[in-house]
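# Architecture at a glance
So the chains spell out like this:
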Protein chains: 2
Amino acid sequence: MSVGNPFKSMAPNQLRRAARQGRLSETTSGLAPGFVQCNLVIIPQDYAGDFADFCRRNPRPCPLLAVSPTPGDFSLPELGSDIDVRTDVPRYRRWENGALMNEPTDLLDHWRSDHVAFALGCSFSFEEALLADGLEIRNISEGVNVPMFRTNQPCTSAGPFAGNLVVSMRPMKPKDAIRAIQICTRFPAVHGAPIHFGDPSQIGITNLQQPDFGDSVTIKDDEVPVFWACGVTPQVALENAEIPLAFTHAPGYMLVSDKPNTGLAIL
Amino acid sequence: MSVGNPFKSMAPNQLRRAARQGRLSETTSGLAPGFVQCNLVIIPQDYAGDFADFCRRNPRPCPLLAVSPTPGDFSLPELGSDIDVRTDVPRYRRWENGALMNEPTDLLDHWRSDHVAFALGCSFSFEEALLADGLEIRNISEGVNVPMFRTNQPCTSAGPFAGNLVVSMRPMKPKDAIRAIQICTRFPAVHGAPIHFGDPSQIGITNLQQPDFGDSVTIKDDEVPVFWACGVTPQVALENAEIPLAFTHAPGYMLVSDKPNTGLAIL
């Protein structure tokens, strides 16, 4: 990210407009602080019911924040009055039969009248709450993507959507982990409390320095790895479902909404 | 505890009456389920201000629930209309200059017009909340006292009252520990969330099988020790203060109150 980044001072709707006009081509990490950013999944209506069930049955990795009002409608009024899900994410991913095809910067030529968009909560929101409490987030202080791992913990399947939970990992001192559990408990719509800490082999992770997604981070001697359910889980479920066509955001290039992070706190 | 224990079905005021009449001579563990049981500290008025400060500055080990209305008053109306702190605990401890002298069954011959009683929250309340959620409490399932350890974590001192934190330890699977942190966070008046988990040496504990107070419990391979601030901490502070005279309950022989445990939940 460049120094003196003009996007740093933009409101969510300005960032969306910049993405729409092709001016925003970087990750949205650290942009529009205070506002909810979302994972995006777009699939044909035929699969929408099953995918909604998958989210409902697996609320920790797949916290559903908004769905298209009707198939083919590219707005998401629950998250911002002017949202156009075809253009407002800086980088998308196109999937065919579960395989990643390419990363278009808009979906104007791909959008169909039977497409349904799902917006899911993202860890950026809870990371902000943890930082505000004075906790260190290692992937942020080391300027890398959070390390993410495939686990051996199966999600509850729905129709063709199935697969194991993917988790993100942040190392913390135990007392900070306890505080993080308390804070994240307030935010079930952005993955909620961690699902595990300590011994990674208990959830099927063999090497913490070799994440399946993202980058590795330093784990200090007095720290334990803390694991949160991760929004990559639905992408894995999409891969497994091998449906003919699907679109998602590209990792780190999120849909920036007008919803304040604090509004997600259940208490 | 005897089989067919008649005390099991008694209400708090009946248990207090039984203690008052010398009929209740066992620990109060498991009695009057649903009602708050309290640690008790009785000290001369000259030290009461400092002890109140010590509690306020160390709310996790010393959550203050009630104080005598005036010096010499042996009631505690905040916790039960008929409470007599001189008689309603089945077994007391008498301390002189920080040394344990004996364990009287009432304080009728010891009570003075300058005595002030402090009632502090106790882990029985949060253990009940954890059991209600389906978690296993090892010291309960093994039928022993919870293991307690002196740590190297100093309390904030107040006048002569000082010392390191004492913790209780309950082993749990990480996912159960996360749930326990969430549940105990609701109950700051009974020690609140754990203060540590995992590596005991980080808080100055060398051997988990040799507790400083209570009994050792089994720790399984897939479990981590979880540590809570413990109500023995004020007894250690009393020992260190070496004040001429003090009384406490004997461990496990608590003051049973009329206050429901659920009433302590802050949310």
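Residues numbered from 1 in each chain as written. Chains lettered and ligands numbered in written order. Predicted model: local features only at pLDDT ≥ 70, side-chain atom pairs only at ≥ 80, totals over all residues.

From N to C terminus, chain A includes 6 helices and 11 strands. For 267 residues, the compact-globule estimate of 2.2 N^0.38 gives 18 Å, and chain A sits close to it at 18 Å. For chain A, the spread of C-alpha atoms along the principal axes amounts to about 55 × 45 × 35 Å. Of all 267 residues assigned to chain A, the portion counted as buried reaches 48%. Restricting the contact set of chain A to residue pairs at least 6 apart, pairs at least 24 apart contribute 76%. (Helix = DSSP H or I, 4+ residues; strand = E, 2+ residues; numbered from the N terminus. Rg over C-alpha atoms; globule rule 2.2 N^0.38 Å. Buried ≥ 20, exposed ≤ 12 C-beta atoms within 10 Å, placed from the backbone. Contact = placed C-beta atoms within 7 Å.)

Relative to strand β4 (residues 99–102) of chain B, strand β3 (residues 92–96) of chain B is paired through 3 bridges, and the arrangement is antiparallel. Each bridged residue has a counterpart across the sheet, and for Trp 95 of chain B the counterpart in β4 of chain B is Leu 100 of chain B. (Pairing = 2+ DSSP bridges.)

For the rest of this paragraph, the subject is unusual backbone geometry. Non-glycine residue Glu 242 of chain A carries a positive phi angle of around 50°. Under the C-beta neighbour-count criterion, Glu 242 of chain A is labelled partly exposed, with 13 such atoms within 10 Å. You will see that Asn 97 of chain B, though not glycine, has its phi angle at about 50°, which is positive. On the secondary structure map, Asn 97 of chain B appears in the loop between β3 and β4. Among the residues examined, Asn 97 of chain B registers 12 C-beta atoms within 10 Å and is labelled exposed.

The subject of this paragraph is the domain arrangement of chain A. Note on interface size: it is often stated as the accessible area lost on association of the parts. Residues and elements named next belong to chain A. Split into domains, chain A comes out as domain 1 (6–122 + 237–264) and domain 2 (124–233). Here domain 1 and domain 2 have C-alpha centroids that lie 22 Å from each other. Domain 1 puts 29 residues into the contact, and the matching count from domain 2 is 27 residues. Elements represented by at least two residues in the side of domain 1 that touches domain 2 include exactly β1 (35–44), α2 (45–57), β5 (115–121) and α6 (233–241). Counting residues per element, the side of domain 1 that touches domain 2 draws most heavily on α2, which supplies 5 residues. When grouped by side-chain class, the residues that make up the side of domain 1 that touches domain 2 number 17 nonpolar, 8 polar and 4 charged. (Domains from an automatic or database assignment. Nonpolar A, V, L, I, M, F, W, Y, C, P; charged D, E, K, R; others polar.)

What follows covers helix α5 (residues 174–185) of chain A. Taking 1.5 Å of rise per residue, the 12 residues of α5 of chain A would be expected to cover 16 Å, and the 16 Å separating its terminal C-alpha atoms lies within 8% of that figure. Those residues of α5 of chain A not exposed but buried are Pro 174, Ala 177, Ile 178, Ala 180, Ile 181 and Cys 184 of chain A. Considered in projection along α5 of chain A, the buried side chains sweep an arc of 160° and stay on one side of the axis. Lining the buried residues of α5 of chain A we find α3 (123–132), β7 (164–172), β8 (196–197) and β9 (224–229) of chain A together with α5 (174–185) and β8 (196–197) of chain B. (Expected span 1.5 Å × (residues − 1). Arc of directions from axis to C-beta.)

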